[in-house]
Amino acid sequence: MEIRQLRYLVAVVEEANFTRAAARLHVAQPGVSAQIRQLERELGQPLLDRSGRSVRPTEAGEAVLPYARAALAAVDGVRQTADEFTGLLRGRVTVGLFSAAATHDLDVVSVLADFHDDHPRVEITLTEDVSDRMLAALRHGELDVAVVGLTGEEPPPGVSLQVVVDEPLVAAVPPHDPLAGRTSVTLAALGDRTLISLPRGTGLRGVLDRACAAAGVRPRVGYEAAAPHVLARLAARGLGVAVLPAGSAAEHRDLLRALEIVRPRLRGRIALAWRTDGPSGPAARAFLARLRTAMPVPMPVPGPVPASGPERAPAPEPEPD
């Protein structure tokens, strides 16, 4: 049994594909396949199920995988301990980013680039996904750190958080919409309208779905998109009511009117997330420390500011909270 065989096994499981694993490891795909088959013969068990469109670990493979990861971590630990005597940092950092992160003032890319400049021997992998899957990947050790949207007030088990954005969620409609003259709308009132929202698995959608379930409201989500600016454009064309963070709605104040959602008030939160017991390697720990320092401290964001000007319809009395 060789360390490279274990490294190949872990890479194939994480990528669910031999070709992608080989590309990640910078080796030829036939070599990866041959080494894993040799490992399977030595252990007397098939470790990978190759019958489907994606490669998955067998029951034996699932049992072996934690030990393979532990062995690789031990080898990396030996190398990293030696590197500490020369001040050299190397290793691998896996980072997750939710799809709409680029629309917020979260300059993760600059932090990545600066960290790479300071530590060129550290391999950094960046993936984009919905928040639910990234939180699961954190718990399973597949990610070291992630920027996610939050659904609940409490962090998931085994995950620590640093909230970096905390703002109200609003209902956004075009100026000609019947709701445009109001400053607020209840969640129950939105139950009769077609809603435009981020997809399931995102923090914002989780907040909306949980609030509707608690209020006994069955939301009619007619349109989904991963980027808030697409939601805003759909609402501006009169296709429904967009549920957006207040900041995103404010960027389209020329096209949309933002109404505070009340009873209950909803908030969108974005956080830096990592395993409570911390990333396993010094490179990941150093990157997490750098990212935590660089992330903004969230300031309270008020609700939407009523629009003004000749196009604004006369506003009736707002609904009581």
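Residues numbered from 1 in each chain as written. Predicted model: local features only at pLDDT ≥ 70, side-chain atom pairs only at ≥ 80, totals over all residues. Heavy atoms only, no water.

So, unusual backbone geometry
The amide bond that connects R263 to the next residue, P264, takes the cis arrangement and shows omega of 0°. Mapped onto the secondary structure, P264 falls in the loop between β11 (257-262) and β12 (267-275). The phi torsion at H26 lies on the positive side, around 60°, for a residue other than glycine. Within the secondary structure, H26 is located in the loop between α2 (18-25) and α3 (29-43). Residue classification places H26 among the exposed residues on the basis of a relative accessible area of 71%. One non-glycine residue, R263, adopts positive backbone phi at about 50°. Residue placement: R263 occurs in the loop between β11 and β12. (Helix = DSSP H or I, 4+ residues; strand = E, 2+ residues; numbered from the N terminus. Buried < 20%, exposed > 50% of the residue type's maximum accessible area, 1.4 Å probe, protein only.)

What to know about the nonpolar core
L106, V108, V147, L272, F287 and L291 are the most contacted members of the largest nonpolar core, which has 35 residues in total. Ignoring anything within four residues of it in the chain, the contact list for L291 reads V108, V111, V145 and L272. Grouped together as the second largest cluster of nonpolar side chains are 34 residues, A225, V241, A249 and L266 included. (Core = buried A, V, L, I, M, F, W, Y, C linked by side-chain atoms within 4.5 Å. Contact = heavy atoms within 4.5 Å.)

Structural notes on the confidence of the model for the protein chain
With 88% of its residues at a pLDDT of 70 or more, the protein chain shows a mean pLDDT of 86. Between the elements of the protein chain, mean pLDDT differs from a low of 84, seen in helix α4 (residues 59-84), to a high of 96, seen in strand β8 (residues 194-197). Every residue in residues 305-321 is under pLDDT 50, and counting partners more than four places away or in other chains gives 26 contacts. (pLDDT = per-residue confidence, 0-100.)

Digging into the packing of helix α5 (residues 108-118) against helix α11 (residues 282-294)
Between α5 and α11, the least distance of the axes is 10 Å, while the angle of their chain directions is 135°. One element, α5, and the other, α11, form an angle in the oblique class. Crossing angle aside, the handedness with which α5 passes α11 is right-handed. Mapping the contact onto sequence places V108, V111, L112, D114, F115 and D118 in α5 and A283, A286, F287, R290, L291 and A294 in α11. (Axes fitted to C-alpha atoms, helices over the stretch in contact; angles between N-to-C directions. Parallel < 35°, antiparallel > 145°, perpendicular 65-115°, else oblique. Left-handed = near helix turned anticlockwise from the far one by under 90°.)

A word on the side chain of S131
Along the chain, S131 turns up in helix α6 (residues 131-139). Only 2.8 Å separates the side chain of S131 from the backbone nitrogen of G149, close enough to count as a polar contact. With residues near it in sequence (within four places) discarded, S131 still touches F98, V148, G149, G201, T202 and G203. (Polar contact = N/O pair within 3.5 Å; in protein donor to acceptor, adjacent residues only side chain to side chain.)

Topic: the pairing of strand β5 (residues 145-150)
Burial of β5 is extensive: six of the six residues sit out of reach of the surface. Pairing of strand β3 (residues 91-98) with β5 involves three bridges; the strand directions are parallel. Each bridged residue has a counterpart across the sheet, and for G96 the counterpart in β5 is A146. As paired strands, β5 and β12 are joined by six bridges and run antiparallel to one another. Pairing of L150 across the sheet is with R269, part of β12. (Pairing = 2+ DSSP bridges.)

Comments concerning the packing of aromatic side chains
Within a pair of aromatic rings, the relevant descriptors are the distance that separates the centres and the angle that separates the planes. All chains considered together, the criterion is met by one aromatic pair. For the ring pair F115 and F287, a centre distance of 5.3 Å and an interplane angle of 80° mean the geometry is edge-to-face. Within this pair, whereas F115 is found in helix α5, its partner F287 is found in helix α11, the two being separated by 172 residues in sequence. Classification of F287 as buried rests on a relative accessible area of 0%. (Phe/Tyr/Trp six-rings, centres within 6.5 Å; stacked < 30°, edge-to-face > 60°.)

Notes on the environment of H229
As for its position among the elements, H229 is in helix α9 (residues 228-236). With relative accessibility at 39%, the residue H229 sits in the partly exposed group. As a C-alpha pair, H229 and A249 span 20 residues in sequence and 8.5 Å in three-dimensional space.

Let's talk about the environment of R210
Relative to the assigned elements, R210 resides in helix α8 (residues 203-215). Given a relative accessible area of 52%, R210 falls into the exposed group. A C-alpha to C-alpha distance of 8.6 Å links R210 and G152, two positions 58 residues apart in sequence. Beyond its immediate sequence surroundings of up to four residues, R210 is in contact with T151 and G152.

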